[in-house]
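Descriptive structure summary
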Amino acid sequence: MTRVAARGTAAAAPRSADVARLAGVSRKTVSRVLNNEPYVSDEVRRRVLEAAEELGYRLNHAARALASGRSRSIGVVALGTAGYGTASLLVGIERAVRDAGYALRVVNTVDGEPDGIAGAVTSLLEQGVDGIVVSEPIVEGEVRVGVDVPLLFLGAPPAFTSAQTLTVGVGAYDLARAATGHLLDLGHTTVHHLAGPGQWYASKDRIEGWRAALAARGAHEPPALQGDWSPESGYAAGRELAADSSVTAVFAAGDEMAIGLIHALREAGRRVPEDISVVGFDGNPVFAYVSPPLTTVRQPFDEAAREGIRLLVHAIETPDTDLPPASELPVELVLRGSTAPPPSRPDL
């Protein structure tokens, strides 16, 4: 689903001429300094940078004053992690940005870092990007940075003051419903859920999709367990679920948690899928080669990145026109060997 916020009115920004006047140099010298070009003395560079800081001048204003009017670059704010989902989405963004003829600038944030997203956005604005993609999955509350370029959020956005805001999700809610519905279709009377960290937007979308699928079938909703995306947290949840003989199906919010969960279940003597079926989430192809191969739902990372960048480039290049219609993202259930109908006689 794509949402477009109302355009805001940006405050008057300082110009390169103002920086040049305060620093006592030419506008060309200001451009050379802010674009990090050679042949500028250290003293002149210092004066220009101090003047720019005093006036609150950012490089993007200089870049957009060039003949092209744009820097042909797009910035990305991403959580600094090697997790499959986050890394796959970033790869998809890079490919889509490159195919659109733009350069990519990336600033990573750290989980729990105070004001991390605000600092990352400010850094990208200072680099002169024409638009910004925020794939940060855990920010909550207002971000106190005014942004005068279009912003694309891949997921639920925090509050920003922006010229234009677009949102494209990866369909986590629908994928979670499909995963849960698959287990119910097999004949399981309910499905337990191993959720991700509570502060992540992705966790919230998946747990809501799980709940909706249960409610649509009139199935009982058992208490959800919470993990942290790691196999270790899945293993801990598996030990807890293995002790409950009524459990026959589990939907895990991440493939790695699902693998840890399966390991714990099998250690406890609970067979997968003969006793308990397990579905993961992400579509990591590596888990086609574990035992049993993991049934999962594939996140459409490439499709979401292409769709988001298509809309962002449209907003950058034709800001006074309506956005084109948003494309529907696929819902793909990857059936493998970790799911089956429930046992005919539950363990006593």
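Located above this text is the structure these notes cover.
As a starting point, this report considers the structure included with it. (Residues numbered from 1 in each chain as written. Predicted model: local features only at pLDDT ≥ 70, side-chain atom pairs only at ≥ 80, totals over all residues. Heavy atoms only, no water.)

As for the pattern of salt bridges
Rules: When a carboxyl oxygen of Asp or Glu is within 4 Å of a side-chain nitrogen of Lys or Arg, the pair counts as a salt bridge. Strands here are runs of E lasting at least two residues and helices are runs of H or I lasting at least four, both read from the DSSP assignment and numbered beginning at the N terminus.
Applying the stated criterion to the full structure yields 13 salt bridges. Close ionic contact of Glu307 with Arg310 constitutes a salt bridge, the shortest N to O distance being 3.0 Å. Residue Glu307 and its partner Arg310 are located together in helix α11 (residues 301-317), separated by three residues, close to a single helical turn. Salt bridges sharing common partners tie together Arg15, Asp18 and Arg21.

Side note on the packing of helix α1 (residues 16-23) against helix α3 (residues 42-55)
Definition in use: All axes are obtained by fitting lines to C-alpha atoms, using only the stretch in contact for helices, and the reported angles, taken between N-to-C directions, cover 0 to 180 degrees. Here the angle decides the label: under 35 degrees means roughly parallel, over 145 means roughly antiparallel, 65 to 115 means roughly perpendicular, and every other value means oblique. Note on convention: near helix rotated counterclockwise from far helix by under a right angle means a left-handed crossing. Clockwise means right-handed. Throughout, a residue-residue contact means that at least one pair of heavy atoms, one from each residue, lies within 4.5 Å. Classification convention: Asp, Glu, Lys, Arg as charged; Ala, Val, Leu, Ile, Met, Phe, Trp, Tyr, Cys, Pro as nonpolar; all other residues, Gly among them, as polar.
At a minimum axis distance of 9 Å, the contact between α1 and α3 shows a crossing angle of 125°. Taken together, the axis directions place α1 and α3 in an arrangement best described as oblique. Both α1 and α3 take part in a crossing whose hand is right-handed. Residues Asp18, Val19, Leu22 and Ala23 of α1 touch α3, and the partners they reach there are Arg47, Val48, Ala51, Ala52, Glu54 and Leu55. In terms of residue class, the contact of α1 with α3 is built from seven nonpolar, no polar and three charged.

Remarks on the sheet that holds strand β8 (residues 192-195)
Keep this limit in mind: DSSP bridges decide pairing: two strands pair if at least two such bridges lie between them.
Strand order in the open sheet formed by four strands is β9-β8-β10-β11, with parallel pairing between adjacent strands. This sheet does not close on itself; its edge strands, each paired only once, are β9 (225-226) and β11 (277-279). As judged from the two bridges shared by β8 and β9, these two strands associate in the parallel manner. From the neighbouring strand, Ala195 faces β9, where its bridge partner is Gln226. Strands β10 (249-252) and β11 of the sheet are contacted by helix α7 (residues 172-185), whose axis makes an angle of about 165° with β10. Packing against the sheet, helix α10 (residues 255-267) makes contact with β8, β10 and β11, and its axis sits at approximately 165° to β11.

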